[in-house]
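Each chain is listed here by its residues.
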Amino acid sequence: MTAIWRCTLTLAGAATLTLGMAHAQSPDLSDPPAIDGEVVGDHGSHTLRMGIGLAESSPQYLSSQYFAEILDQRTEGRITVNVFPNSQLGDDVQMMEMLQTGTLDMSYPSSSPATTYVDELAVFDLPFLLPTREAAVAVMQSDVAQGMLDAFDDTGIKALTFSENGYRQLSNSVRPVETPEDVGGLDVSGLTIRTMENPVHLSIWETLGANPTPMAFGELFSAMEQGVVDGQENPWSTILTSNFYEVQDYGSETRHVYTPFIMMMSERTWDGLAPEYQELVQEAARQSADYEIQLSAEYDDWSREQLVDRGMQINRLSDDQVAAFQEAVQPVYDEWGPRIGEDLIAEVQAIVEETMNE
Ligand code: KDG
């Protein structure tokens, strides 16, 4: 069913503008916050192309449109951002390379394939490190995380902000994946699971006895349709909005990794913007990230229910099964802890604990 999302964006001192967007498969979403900053000075016109992997109904796309709307309104149309969904312009890895060469202005990849630029980002790939969304958001907004964004300087990429991809859940086309706790972990033996292009993810699925196959997101649907891979893992919202449920009958609520997105700009594009425009882009990126996180939370459980309604068989794990799963992936910490840095992991864990005690 197609819903029409209508939102009213108000610019201080300017006329109220109503934006209508057609999109399928969405819950009752919060309206985007009013755009209330001042119009910035005239520093010329720019049209920016932004490529993303996810579909038009995803929180990533909707919040990117909000980002575009902020820039449009606060420059009186002098900065235009055109958002291209569904990996039309390339996958995460290719688009980051395009940012480096200046052939693309903006992209919004997961942090996982970006570990080739900033090693420390791999801390987010450790299983079960971020047990709640509150903890994950606190980490993404911490000085530690800001340090990771700053570490992109001189790579050719300006990293603007973190936001939420979300808790990853397992889906497959072969059988329900559930394991009695005495066996330990998840019984994924023999399943070919597509992973993001990230070595920690490979290690997780190898440790569990699956056959992990790294692959670009844009190739995933047809790989599942053609049986090249049996399964994949992504947030419920992606499994819904990218129509993976059409080729995946089984889902398991594993929540094994929380993945952030990183909104990025080509350093060439960034350097070509006047300082006042740069400041505005940075502010709009943070505002749209807050909105993206909110939308993502609104999508999460709702998407799982939608998937069940559409015929997917989804099992949730008992506390004992989760504990067994966590124990089974301990070797991933043994292998990657020293490489990622035990101090960094401890810093992240301290932020998590602080949020849990609040
Ligand atoms: O725009 C982001 C997507 O390209 C991708 O990062 C989604 O989580 C994802 C995946 O599995 O590749």
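Residues take numbers from 1 onward in each chain, read along the sequence in its written order. Only residues with pLDDT of 70 or above have their local features reported here, since the model is predicted, and side-chain atom pairs are shown and tallied only from 80 upward, although totals for entire chains, interfaces and linings are computed over all residues. Side-chain calculation: all heavy atoms of the structure are included, whereas hydrogens and water are not.

Peer 1: Is there a simple way to explain the site of the ligand in this structure?
Peer 2: The near set for a molecule or strand comprises every residue that places at least one heavy atom within 4 Å of it. Around the ligand lies a shell of 14 residues, among which Gly53, Asp92, Ser110, Asn165 and Arg194 are the nearest. One nitrogen or oxygen atom from the main chain of Tyr108 is found 3.3 Å from an oxygen atom belonging to the ligand. Between the ligand and the protein, one listed contact pairs an oxygen atom with a side-chain N or O atom of Asn165 at 2.8 Å. Throughout, the Shrake-Rupley method with a 1.4 Å probe supplies accessible areas, and for residues the shown protein chains are the sole cover considered. Taken by itself the ligand offers 330 Å² of open surface, and the protein chains cover 99% of this. Judged by the proximity of its atoms to the pocket grid, the ligand belongs to the largest cavity. When residues are grouped by polarity, Ala, Val, Leu, Ile, Met, Phe, Trp, Tyr, Cys and Pro land in nonpolar, Asp, Glu, Lys and Arg in charged, and all others, Gly among them, in polar. Split by residue class, the shell around the ligand holds six nonpolar, five polar and three charged. Any N or O atom pair separated by 3.5 Å or less is treated as a polar contact, with the protein-specific requirement of one donor-capable and one acceptor-capable atom, and with residues adjacent in sequence counted only for side-chain atom pairs. With a 1 Å grid laid over protein atoms only, a set of points is called a cavity when a 1.4 Å probe fits there but cannot get out and a pocket when it is open yet has protein on both sides within 12 Å along at least five of seven lines; lining residues have an atom within 4 Å of a point. To qualify as sitting in a cavity or pocket, a molecule needs more than half of its atoms within 2 Å of the grid points.

Peer 1: Whenever I open this one, the pairing of strand E7 (residues 169–172) confuses me. Can you help?
Peer 2: The buried label applies to any residue whose accessible area, calculated with a 1.4 Å probe on protein chains only, is under 20% of its type's maximum; exposed applies above 50%, and partly exposed to all values in between. Going along the chain from the N terminus, every DSSP run of H or I of four or more residues is numbered as a helix, and every run of E of two or more is numbered as a strand. A two-sided burial pattern is seen for E7, the buried positions comprising Gln169 and Ser171 on one face and Leu170 and Asn172 on the other. Where E7 and strand E10 (residues 231–234) come together, four bridges link them in antiparallel fashion. Considered in E10, the bridge of Asn172 is made with Gly231. Paired strands are those between which DSSP finds at least two bridges.

Peer 1: For this particular structure, what's the right way to read the pattern of salt bridges?
Peer 2: Once their charged atoms are close, side chains differing in charge can pair, the charge on each being opposite to the other. Salt bridges are defined by distance alone: a side-chain nitrogen of Lys or Arg within 4 Å of a carboxyl oxygen of Asp or Glu. For the structure shown, the criterion picks out nine salt bridges. Close ionic contact of Arg74 with Glu283 constitutes a salt bridge, the shortest N to O distance being 3.0 Å. Linking Arg74 in helix H1 (residues 59–74) with Glu283 in helix H9 (residues 275–309), this pair joins segments that are 209 residues apart in sequence. We note a salt bridge from Arg304 to Asp301, for which the minimum N-O separation is 3.4 Å. Taken together, the residues Arg304 and Asp301, both in helix H9 and three residues apart, mark about one turn of the helix.

Peer 1: Can you walk me through the packing of aromatic side chains in this structure?
Peer 2: Where two aromatic rings form a pair, the distance of their centres and the angle of their planes describe that pair. Between 30 and 60 degrees the pair is tilted, below 30 it is stacked and above 60 it is edge-to-face, where a pair is any two Phe, Tyr or Trp rings, Trp via its six-membered ring, whose centres lie within 6.5 Å. Counted under the stated rule, the structure contains nine aromatic pairs. On the basis of an interplanar angle of 65 degrees and a centroid distance of 5.1 Å, the ring pair of Tyr66 and Tyr291 is categorised as edge-to-face. Of this pair, Tyr66 sits in helix H1 while Tyr291 sits in helix H9, and the two are 225 residues apart along the sequence. A single burial state applies to Tyr66 and to Tyr291, both of which are buried. Pairing Tyr167 with Tyr258 gives two aromatic rings, centres 5.1 Å apart and planes at 75 degrees, and the pair type is edge-to-face. Placement of the pair is Tyr167 in strand E6 (residues 157–167) and Tyr258 in strand E12 (residues 258–266), with a sequence separation of 91 residues. This pair shows no difference in class: Tyr167 is buried, exactly as Tyr258 is. Here Arg255 stacks its cationic end above the ring of Tyr167, 3.8 Å away from the centre of that ring. Here, a charge over a ring is recorded when the distance from Lys NZ or Arg CZ to the ring centre is within 6 Å and its angle to the ring normal is within 35 degrees.

Peer 1: Quick question: what am I supposed to make of the side chain of Glu233 here?
Peer 2: Among the secondary structure elements, Glu233 is positioned in strand E10. For Glu233, the side chain forms a polar contact with the side chain of Arg168, separated by 2.9 Å. At a separation of 2.8 Å, a polar atom in the side chain of Glu233 contacts the side chain of His256. Note on contacts: a residue pair qualifies if any of its non-hydrogen atoms lie within 4.5 Å across the two residues. In contact with Glu233, not counting residues within four places along its chain, are Arg168, Gln169, Leu170, Arg194, Thr195, His201, Trp205 and His256.

Peer 1: Help me understand empty space enclosed by the protein in this model?
Peer 2: Unfilled space is identified by rolling a water-sized probe across the atoms. Grid points are joined across faces, edges and corners, and a volume is the space filled by probe spheres set on the points. Considering all chains together, one arrives at three cavities of 30 Å³ or more under this definition. Put simply, the largest cavity is a space of about 200 Å³. Lining the largest cavity are 20 residues, and of these Asp92, Ser110, Arg194, Met196 and Phe217 lie nearest its centre. In this structure, the second largest cavity spans a volume of roughly 60 Å³. Forming the walls of the second largest cavity are Leu54, Ser58, Pro59, Gln60, Glu164, Asn165, Ser237, Thr238, Thr241, Phe261, Glu292 and Ser296. Of all the secondary structure elements, the ones that give two or more residues to the lining of the second largest cavity are H1, E6, helix H7 (236–241) and H9.

Peer 1: What is the right way to read the layout of surface pockets from this model?
Peer 2: Of the volumes computed, that of the largest pocket is approximately 280 Å³. Contributing to the lining of the largest pocket are Phe128, Leu130, Pro131, Tyr167, Glu253, Thr254, Arg255, Arg316, Leu317, Asp319, Val322 and Gln326. When residues in the lining of the largest pocket are grouped by element, the largest group, three residues, is from helix H10 (residues 319–328). Here the residues of the lining of the largest pocket are counted per class, giving six nonpolar, two polar and four charged.

Peer 1: Where do I start with the packing of helix H11 (residues 330–340) against helix H12 (residues 342–357) in this structure?
Peer 2: To get an axis, a line is fitted to the C-alpha atoms, and for a helix only the part in contact is used. The angle between two axes follows their N-to-C directions and goes from 0 to 180 degrees. Remark: H11 packs on H12, axes separated minimally by 6 Å, with the N-to-C direction vectors making an angle of 100 degrees. If you check the angle between H11 and H12, you find them roughly perpendicular. Across the interface between the two elements, Gly337, Pro338 and Ile340 from H11 touch Glu342, Leu344 and Ile345 from H12. Of the residues assigned to the contact of H11 with H12, the class counts are four nonpolar, one polar and one charged. Convention used here: angles under 35 degrees read as roughly parallel, angles over 145 as roughly antiparallel, angles from 65 to 115 as roughly perpendicular, and any remaining angle as oblique.

Peer 1: For this particular structure, what's the right way to read H12?
Peer 2: Three- or four-residue spacings in an α-helix give side chains the same orientation, since the helix completes a turn every 3.6 residues. Spanning 16 residues, H12 covers 22 Å between terminal C-alpha atoms, matching the ideal 22 Å at 1.5 Å per step. All of the buried residues in H12 are Leu344, Ile345, Val348, Ile351, Val352 and Thr355. An end-on view of H12 places all buried positions within 125 degrees of arc, on one side of the element. Facing away from the buried side of H12 by more than 90 degrees, the exposed set consists of Asp343, Glu353, Glu354 and Asn357. Expected helix span is computed as 1.5 Å times (number of residues minus one). Arc definition: directions from the helix axis to the C-beta atoms.

Function-wise, these values are silent; they only describe arrangement.
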